[in-house]
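Each chain, letter by letter, is given below.
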Amino acid sequence: MICDGHRHFQILLLLFTLVGIHANGWSKQVKIDFVDIRSDVLPDGSLIIEETRSYRFDGTFHWADYERRLANLGEVTDIQLFDGPNEWRQDQKSKQQGTFQVYQDRRKFYLRWYFHAKNESRQFIIRYRIEDVVKVYDDVADLQYNFLDAYNKLSIDRIDVSLKLLFDADTSRVKAWLHAPLHGNLRFSNGMIHARVDSIPYRQNVELRVIFPPAWVRKPMTYDPVLKYEEIVEQERLRAINTLDKSNASLDAPWNDSESQAVQWNIITALMGMLSISVLYWLWGRGADVPYNEMITSTLPENISPALANYIYNFGQLNGGALVSTILDLARWSYLRIDDGSVGRARFPFSASDKISIKLNEQIFDEDHDQLAKYELSMVQFLYGELADETPQVTLRQVRKAGFKMMRWFHTWKKMVIEQWGKRPIFDRASVYAMIGAMCLSIIVIAIGLGSIITDGPAGLIGFIAGLLLAGASFFVLRLTPGVKLLRRKLAAYRRYLTRYHFQQMQFTKHTPVEDFLIYGIALGVPLKTIRLLLAHVPENQFRTHFPWYVDSIHAKSLEPAASMSHMVASVTININAAAGVGGAG
């Protein structure tokens, strides 16, 4: 048992770790505040890039990377990395702080560097030369370059690009186009081309295309003796139209890329929570096998009072059915008597049955009160000591008007019923701990969802709602002890016997346990319409035999006994439940 408990604890700890790591991953974020790129065109058509990146780290980080596609471009050379004035060292095998690694093939260029940053901002400068950027034709030189590649994995607040040609750029000899998300602008200044783009989502590129006189590139690496000027201008005109259409469409789109990523993370969070709770259920929530397979029975478990039947059937909770069934049970044993003295049948039992009274048989109570359980004795003392002012009769009106006093007493009374049950646990202890663990997991998911709502808007509702659903699902991890499960299964079979109207097949005699059907039916939450049907099947000449404690002097001539008693049961149930502030049979 100790080994099993240790193994289960390790599994539970692992689940918390998995969700905790994910939650930490959600709170651990990195963002680029701005990117400043300065570029120079060289005489051979290659490009010098100096890119300053300002990172904001929330959490602890040890590396960052930079990736660029090389389609239609040449090799990347002369790679340098700086942290302020400090130049870092290239080392393909080391992961020490202050080193970087480079991987390159025909398709892409990849750079990774190592450092330590925790909840701070850092700036890094990447400098390199990329070949074969400018294509030269007979009538024009064409530079088309993604200064921010679509490989970019982070959102960026702002990017500034400055491009210097071999000669001063002006609009008479140079044309330029900027292709980027919304919030960008392009201008000529001091003989250079400047571009600025704000609020760039991840995986978005920023491309600059510039055409200028071919003579400005003296030693082109790529030369094609064709005329291209008109073709390039037309391409850009059509591209501008297409970009405008996409921009207009994006204004109506419900999600941007950042929100889409938040949706994905919230879904992953919800799925991880579901998986974790499923594992907890598999380990501790599956019920034990008990030797009872009857689906329907008319036989009650032995030695269980109506209040305890209510307690067990409702998984350790008590409702108004426990109160009403206990009152009727005390009447069955002659401690009480119910007198229906109302005038005419009430239209609404909640408000029009004030003359129904519950009377105490003082002689029997004085002789046999020591036979009562503590909670039964408390009920009698409360009804006739506090509500009836030491008189042996209490009306439903007095009960209904008790209000807060009744609710406060009911809270104490529930503890007495549980005390009568004893120290026997309802749920297996290991499953209780697992349920607490599942609830903690759901709280983590809810917290992640709330954080996402704050940072990402509606996307976080997925995690928040999933967390609430997981909180409800946590209770399914609870597992009844074998003894309680057996007892509850018997009670459920008995309730099923009543709710499916199997009593209709019985031939009612004076030995038929009609009182048990009524009292335990109310305790187990059988609907009042079923109670009415049950009473309707009791032969009229047997009512006095089965219910000698019920006196109906007013209704005796105007209503049949079944209708009169159904009205009384409904009145008592509704008024008692309302006064105690609890639910019950309906």
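Looking at this model, I keep getting lost on unusual backbone geometry. Mind explaining?
Glycine aside, the phi torsion of most residues is negative, and most peptide linkages are trans. For Asn-72, which is not glycine, the phi torsion reads 65° and is therefore positive. Structurally, the position occupied by Asn-72 is in the loop between β2 (47-69) and β3 (76-83). Judged by its relative accessible area of 69%, Asn-72 is exposed. Residue Asn-303 is not a glycine yet carries a positive backbone phi of 55°. By the secondary structure assignment, Asn-303 is in the loop between α3 (257-285) and α4 (306-313).

Looking at this structure, I do not really get the nonpolar core. What am I missing?
Side chains of nonpolar character tend, in soluble globular proteins, to be buried together. In this structure, Met-406, Trp-413, Trp-549 and Met-565 are the most contacted members of the largest nonpolar core, which totals 81 residues. If you tally residues by element for this core, the top one is helix α16 (residues 561-580), at 9 residues. Residues in contact with Trp-549, not counting those within four places in the same chain, are Leu-328, Ala-331, Arg-332, Leu-336, Arg-337, Ile-338, Glu-515, Leu-518, Met-565 and Met-568.

Would you take a moment to explain the sheet that holds strand β19 (residues 550-551) for this structure?
Hydrogen bonds between backbone atoms are what pair the strands of a sheet, whose relative direction is either parallel or antiparallel. Taken together, 4 strands build an open sheet; the order of strands is β18-β17-β16-β19 and the sheet is mixed. Two strands lie at the open edges of the sheet, namely β18 (393-395) and β19, each paired on one side alone. By the bridge criterion, 5 bridges tie strand β16 (residues 336-340) to strand β17 (residues 356-360) in an arrangement that is antiparallel. Note on β17: the bridge partner recorded for Leu-336 is Leu-360.

For this particular structure, what's the right way to read the pairing of β2?
Taken residue by residue, a regular strand's side chains alternate between the two faces of the sheet. One ladder, built from 12 bridges, connects strand β1 (residues 29-41) with β2; its direction is antiparallel. When the sheet's bridge partners are listed, Gln-29 is paired in β2 with Asp-58. Sheet topology places β2 next to strand β7 (residues 108-130); 20 bridges connect them, and they run antiparallel. Directly across from Ile-48, in β7, lies its bridge partner Arg-129.

Which parts of the structure should I look at to understand the side chain of Thr-481?
Its place among the elements puts Thr-481 in the loop between α11 (461-473) and α12 (482-499). The buried category is assigned to Thr-481, whose relative accessible area is 15%. Beyond its immediate sequence surroundings of up to four residues, Thr-481 is in contact with Pro-425, Ile-426, Phe-427 and Asp-428.

It is not clear to me how the layout of surface pockets should be interpreted in this structure. Could you clarify?
With a probe scaled to a water molecule rolled over the atoms, the places where space remains empty come into view. Estimates place the volume of the largest pocket at around 1,200 Å³. Taken together, 35 residues make up the lining of the largest pocket; nearest its centre are Gln-29, Val-30, Lys-153, Leu-154 and Gln-261. Residue contributions to the lining of the largest pocket peak at 14 residues, all from β2. Class assignment for the residues of the lining of the largest pocket results in 14 nonpolar, 9 polar and 12 charged.

Can you walk me through the sheet that holds strand β15 (residues 223-224) in this structure?
Taken in spatial order, the 5 strands line up as β11-β14-β9-β8-β15 in an open sheet, and their pairing is mixed. Two strands lie at the open edges of the sheet, namely β11 (175-179) and β15, each paired on one side alone.

Explanation requested: the pattern of salt bridges in the structure shown.
Proximity of charged atoms lets side chains of opposite charge pair with each other. Under the criterion given, the structure shown has 26 salt bridges. One network of salt bridges, in which partners are shared, links Asp-142, Glu-207, Arg-209, Glu-236 and Arg-239.

Would you explain the packing of aromatic side chains in this entry?
For any pair of aromatic rings, the description rests on two quantities: the centre-to-centre distance and the angle between the ring planes. Per the counting criterion, the structure on display carries 25 aromatic pairs. Judged by centre distance (5.6 Å) and plane angle (50°), the ring pair of Phe-543 and Phe-547 falls under tilted. According to the relative accessible area criterion, Phe-547 is buried, its value standing at 1%. One aromatic cluster is present, formed by Tyr-55, Phe-57, Phe-61, Trp-88, Trp-113, Phe-115 and Phe-124 through successive ring pairs. Over the ring of Trp-421 we find Arg-424; its NZ or CZ atom is 3.6 Å from the centre of that ring.

When you look at a nonpolar patch on the surface in this model, what are you seeing that I'm missing?
A contiguous nonpolar surface patch, about 340 Å² in accessible area, is contributed by Ile-267, Leu-271, Met-274 and Ile-462. Here the element with the most residues in the nonpolar patch is α3; it accounts for 3 residues. Inspection of the secondary structure puts Ile-267 in helix α3. Since its relative accessible area comes to 38%, Ile-267 is described here as partly exposed.

When you look at helix α9 (residues 404-421) in this model, what are you seeing that I'm missing?
Taking 1.5 Å as the rise per residue, α9 with 18 residues should run 26 Å; its terminal C-alpha atoms sit 26 Å apart, in good agreement. Its buried side turned inward, α9 meets α4, α5 (320-332), α7 (374-387), α8 (396-401), α12 and α16. Taken from the residues just after α9, Gly-422 is the one with a positive phi, measuring 95°.

Whenever I open this one, α4 confuses me. Can you help?
Owing to its 3.6 residues per turn, the α-helix aligns residues three or four sequence positions apart on the same side. Across the 8 residues that make up α4, a large majority, 8, are buried. Among the residues of α4, those classed as buried are Pro-306, Ala-307, Leu-308, Ala-309, Asn-310, Tyr-311, Ile-312 and Tyr-313. On its buried face, α4 sits against α5, α7, α9, α12 and α13 (514-523). Just beyond α4, the residue with positive phi is Phe-315, at close to 55°.

Explain the pairing of strand β8 (residues 134-137) to me, please; I cannot follow it from the model alone.
Side-chain alternation along β8 places Val-134 and Val-136 on one buried face and Lys-135 and Tyr-137 on a second face that is also buried. Where β8 meets strand β9 (residues 141-148), 3 bridges bridge the pair, whose relative direction is antiparallel. Bridged to Lys-135 within β9 is Asp-142. Counting the residues between successive antiparallel strands, the hairpin from β8 to β9 contains 3 residues. As paired strands, β8 and β15 are joined by 2 bridges and run parallel to one another. The residue bridging Val-136 from the neighbouring strand is Tyr-223, located in β15.

Can you walk me through the side chain of Asp-33 in this structure?
Tracing the backbone shows Asp-33 in strand β1. Look at Asp-33 and you get buried, because its relative accessible area is 18%. A distance of 2.3 Å separates polar atoms of two side chains, one belonging to Asp-33 and the other to Arg-56. Aside from chain neighbours lying at most four places away, what touches Asp-33 is Ser-54, Arg-56, Ser-121, Asp-157 and Arg-158.

Scoring rules and cut-offs
Residues numbered from 1 in each chain as written. Predicted model: local features only at pLDDT ≥ 70, side-chain atom pairs only at ≥ 80, totals over all residues. Heavy atoms only, no water. Helix = DSSP H or I, 4+ residues; strand = E, 2+ residues; numbered from the N terminus. Buried < 20%, exposed > 50% of the residue type's maximum accessible area, 1.4 Å probe, protein only. Core = buried A, V, L, I, M, F, W, Y, C linked by side-chain atoms within 4.5 Å. Contact = heavy atoms within 4.5 Å. Pairing = 2+ DSSP bridges. 1 Å grid on protein atoms, 1.4 Å probe; cavity = no way out; pocket = protein on both sides within 12 Å on 5 of 7 lines; lining within 4 Å. Points joined across faces, edges and corners; volume = space filled by probe spheres on them. Nonpolar A, V, L, I, M, F, W, Y, C, P; charged D, E, K, R; others polar. Salt bridge = Lys/Arg side-chain N within 4 Å of Asp/Glu carboxyl O. Phe/Tyr/Trp six-rings, centres within 6.5 Å; stacked < 30°, edge-to-face > 60°. Lys NZ or Arg CZ within 6 Å of the ring centre and 35° of its normal. Patch = residues over 30% accessible without salt bridge, like charges linked within 9 Å, V, L, I, M, F, W, Y side chains within 5 Å. Areas by Shrake-Rupley, 256 points an atom, 1.4 Å probe, with all protein chains shown as cover. Expected span 1.5 Å × (residues − 1). Polar contact = N/O pair within 3.5 Å; in protein donor to acceptor, adjacent residues only side chain to side chain.

The analysis is restricted to geometry; functional conclusions fall outside its scope.
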